[in-house]
Amino acid sequence: MSTATKAKVTVILANLGTPDAPTASAVRRFLDQFLSDQRVIEIPKPLWQIILRLFILPFRPKRVAHAYEMVWGNDSPMREILLTQVAALQQQLILQYPEFELNIVPAMTYGNPGIQSLLTELSQNPQDHIVLFPLFPQYSATSSAPLYDAFAKWIPKQRNLPGLSIIRDYYQHPLYIQALAQSVRDFRAEHGVTEKLLMSFHGIPQPYADKGDPYADRCRITGQLVAAELGLAENEWAISFQSRFGKQEWVKPYTDVLLAEWAAQGVKSVQIMSPAFSADCLETLEELAIQNAELFLSQGGERYQYIPALNSRGDHLQLLNTLVQANLDALKQTLASKTN
């Protein structure tokens, strides 16, 4: 009597990406790939490629590589954290779903381990189902959508297509809000309370929001929910947007401008966090924790502290596990109904 084979299921935890090394050449390769994506830069491609190759790639990689050197450990912080998150979920979920041949794998939209290489591997080892989990709490066409695009290019080439689930985002999930709030409580229990809590999110150009990208509104909802969870008064917190690039208008308020305004108004102490990031990276560890600290202190502020991203906190891993479980449970029910 033959026994039923286990369904092959791959869960992809995907983040944005990072260079392979903190060197100008590695950063140049990464920026070339990242900034050539028209989801990220919507300027007409022929014009943008001239700008990119004449004015950005010859100069920016060296500056960015120096910034990476300041935060680099044995590897890029984002990649190290992603691999830790993958290992933790793999350990938990393998035990919870013995009926699946289950694999939890990392991927990056840009850089390594690359999503395209992973999809090539999956072509060679066909799966029954794939769960794509972009680790961006707030969906944006500039972050999550390129992963959709990768699948859109891959799908027409496949004959034996798997089932596909995508976890779009989780910006208002109760466990996410609770984990963010608890990270603030834990930090303040050790370091004390400041006059202001600033929740700084990665920015997008204002025209992208005007065309329908829901990201900025999702960020504002996240901020409101975290403030409510912490019981903060209206004058004790704010949200802002960081990491502007180019000269066009981006969604406001801008993090650096708001910090300067607060300092000018006499605010002496600020704690800052970035709920848009599931893992610390260059933009949090260098831009938020170092650059903006220097700005605030130079303008008259006296205390500036960065609250780390959720990274591999237990409550964050539980959130990720819960979101994946919901998809695996649905798949489990579907497969069970087919055998009845």
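In this text, all values refer to a predicted model and were calculated from it rather than measured experimentally.

1. Focus on helix α5 (residues 115–124)
Turning to α5, its buried residues are I115, L118, L119 and L122. In an axial view of α5, the angular spread of the buried residues amounts to 100°, which keeps them on one side of the axis. The inward-facing, buried residues of α5 abut β1 (7–18), β2 (100–111), β3 (129–134) and α6 (145–154).

2. Details of the pattern of salt bridges
Where charged atoms from two side chains of opposite charge come close, those side chains can pair. Counted by the stated rule, this structure contains 13 salt bridges. As a salt-bridge pair, R185 and E229 come within 3.7 Å of each other at their nearest N and O atoms. Of this pair, R185 sits in helix α7 (residues 174–191) while E229 sits in helix α9 (residues 215–230), and the two are 44 residues apart along the sequence. The salt bridge involving D217 is made with R220; its shortest N-O contact spans 3.3 Å. Pair noted here: D217 and R220 are both in helix α9, with a separation of 3 residues, about one helical turn. Note on R220: relative accessible area 30%, which makes it partly exposed. Beyond isolated ion pairs, a larger network of salt bridges with shared partners links D20, D75 and R79.

3. Remarks on the packing of aromatic side chains
Scanning the model with the defined rule gives 11 aromatic pairs in all. Between W48 and F245, the aromatic rings sit 6.5 Å apart at their centres with planes inclined by 80°, giving edge-to-face as the arrangement. With a gap of 197 residues between them, W48 in helix α2 (residues 45–56) and F245 in the loop between β6 (237–242) and α10 (255–264) connect regions that are remote in the sequence. Exposure remark for W48: the relative accessible area of 6% places this residue in the buried category. Here Y170 and Y176 contribute two aromatic rings whose centre-to-centre distance is 5.3 Å and whose plane-to-plane angle is 85°, an arrangement assigned as edge-to-face. Look at Y170 and you get buried, because its relative accessible area is 3%. For Y176, a relative accessible area of 1% gives the class buried. Grouped by ring-pair contacts, the aromatic residues F30, F34 and Y110 constitute a single cluster. Note that R168 overlies the ring of Y139, its terminal NZ or CZ placed 4.3 Å from the centroid.

4. Details of the pairing of strand β7 (residues 269–273)
Taken across its 5 residues, β7 has 5 buried, putting it largely inside the fold. Sheet topology places strand β5 (residues 196–202) next to β7; 4 bridges connect them, and they run parallel. Counterpart to L198 in the pairing with β7 is I272. As defined by bridge partners, β7 adjoins strand β8 (residues 303–306) across 4 bridges and the pair is classed as parallel. Bridge assignment links S269 to a residue of β8, and that residue is R303.

5. What about the UniProt feature "binding site: Fe(2+)" (unreviewed entry) in the protein chain?
Mapped onto this numbering, the UniProt entry annotates "binding site: Fe(2+)" (unreviewed entry) at H202 and E283. These residues run over 82 residues, yet every pair of their C-alpha atoms falls within 8.4 Å of each other. Within the secondary structure layout, H202 lies in strand β5. The exposure class of H202 is partly exposed, given its relative accessible area of 24%.

Conventions used here
- Residues numbered from 1 in each chain as written.
- Predicted model: local features only at pLDDT ≥ 70, side-chain atom pairs only at ≥ 80, totals over all residues.
- Heavy atoms only, no water.
- Buried < 20%, exposed > 50% of the residue type's maximum accessible area, 1.4 Å probe, protein only.
- Helix = DSSP H or I, 4+ residues; strand = E, 2+ residues; numbered from the N terminus.
- Arc of directions from axis to C-beta.
- Contact = heavy atoms within 4.5 Å.
- Salt bridge = Lys/Arg side-chain N within 4 Å of Asp/Glu carboxyl O.
- Phe/Tyr/Trp six-rings, centres within 6.5 Å; stacked < 30°, edge-to-face > 60°.
- Lys NZ or Arg CZ within 6 Å of the ring centre and 35° of its normal.
- Pairing = 2+ DSSP bridges.
- UniProt positions renumbered as here; feature names shortened; annotations may be inferred.

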